[in-house]
Amino acid sequence: MPPDGLTLLISGEELRSGVAAIARQIDRDYASTGLVLVCVLKGAAIFTSDLLRQLQASVHRVEFLRASSYGSGTESSGSVRVESSLADGVISGRHVLIVDDIADTGHTCVAVTKFLSGMGPASLRYCTLLDKPDRRQVEVQYDYVGFTIPNYFVVGYGMDLDERYRGLPAIYYFPDA
């Protein structure tokens, strides 16, 4: 039984299968070059870990940055803060894959891509576990998408509501939200 009246959206088994499928796509694209993974914290931490374990392509490094637009609410503010401790030159000339938990308005993708583009990567692609195209406010292209979902506020598998529910092994939504 899901906690707090949550409704199951994507089971743990479906997540494992979806992550494996994304890994196969990434492996094909980066087989000869290898890549640097940049995880968008905090929501994508579990997805990034599972994806990393599935990849066969050479992963040269794993880096982290924080992008936030939600605060403690369930609606994106549209204003994205990007914080990073990436050292100068770490991604310069490297093939970089941004790994995010959810594509919503598109503002995070724009902000993170702009931030990392300034560091001189050889290439920059964006991977998201979940895509909510109905919420898109800016035009963006996601290179790898695990699941397209309706406009639900979701939790679990790293995603939270005010820091709660991150550890759930599947993805749930609030039916009344």
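Higher on the page you've got the structure.
(A) Quick look at the packing of helix H1 (residues 12–30) against helix H2 (residues 45–54). Where H1 meets H2, the closest approach of the two axes is 9 Å, and the angle between their N-to-C directions is 55°. When the axes of H1 and H2 are compared, the pair comes out oblique. In this structure, H1 crosses over H2, and the sense of that crossing is right-handed. Listed contacts from H2 to Val-19, Ala-20, Ile-22, Ala-23, Ile-26 and Asp-27 of H1 are Phe-47, Asp-50, Leu-51 and Gln-54. Here the residues of the contact of H1 with H2 are counted per class, giving 7 nonpolar, 1 polar and 2 charged.

(B) Quick look at the pairing of strand E3 (residues 59–68). Pairing between strand E2 (residues 35–41) and E3: 7 bridges, direction parallel. Looking at the pairing, Leu-41 lines up with Arg-66 of E3. Regarding the hand of the β-α-β motif, the stretch spanning E2, H2 and E3 is right-handed. Bridge count for E3 against strand E4 (residues 81–84) is 4 bridges, and the pairing is antiparallel.

(C) Molecular detail of H1. End to end, H1 covers 27 Å across 19 residues, agreeing with the expected 27 Å (1.5 Å per residue, within 8%). Those residues of H1 that fall on the buried side of the exposure criterion are Gly-12, Leu-15, Gly-18, Val-19, Ala-20, Ile-22, Ala-23, Ile-26, Asp-27 and Tyr-30.

(D) Region of interest: the pairing of strand E5 (residues 95–103). Buried residues dominate E5, accounting for 8 of its 9 residues. As paired strands, E2 and E5 are joined by 4 bridges and run parallel to one another. Bridge pairing in E5 links Val-36 to Val-96. Here E5 pairs with strand E6 (residues 123–131) via 8 bridges, running parallel. From the neighbouring strand, His-95 faces E6, where its bridge partner is Ser-123. Handedness of the crossover joining E5 and E6 through helix H3 (residues 107–117): right-handed.

What counts, and where the lines are drawn
- Residues numbered from 1 in each chain as written.
- Predicted model: local features only at pLDDT ≥ 70, side-chain atom pairs only at ≥ 80, totals over all residues.
- Heavy atoms only, no water.
- Axes fitted to C-alpha atoms, helices over the stretch in contact; angles between N-to-C directions.
- Helix = DSSP H or I, 4+ residues; strand = E, 2+ residues; numbered from the N terminus.
- Parallel < 35°, antiparallel > 145°, perpendicular 65-115°, else oblique.
- Left-handed = near helix turned anticlockwise from the far one by under 90°.
- Contact = heavy atoms within 4.5 Å.
- Nonpolar A, V, L, I, M, F, W, Y, C, P; charged D, E, K, R; others polar.
- Pairing = 2+ DSSP bridges.
- Right-handed = clockwise from strand over helix to strand, strands pointing away.
- Expected span 1.5 Å × (residues − 1).
- Buried < 20%, exposed > 50% of the residue type's maximum accessible area, 1.4 Å probe, protein only.

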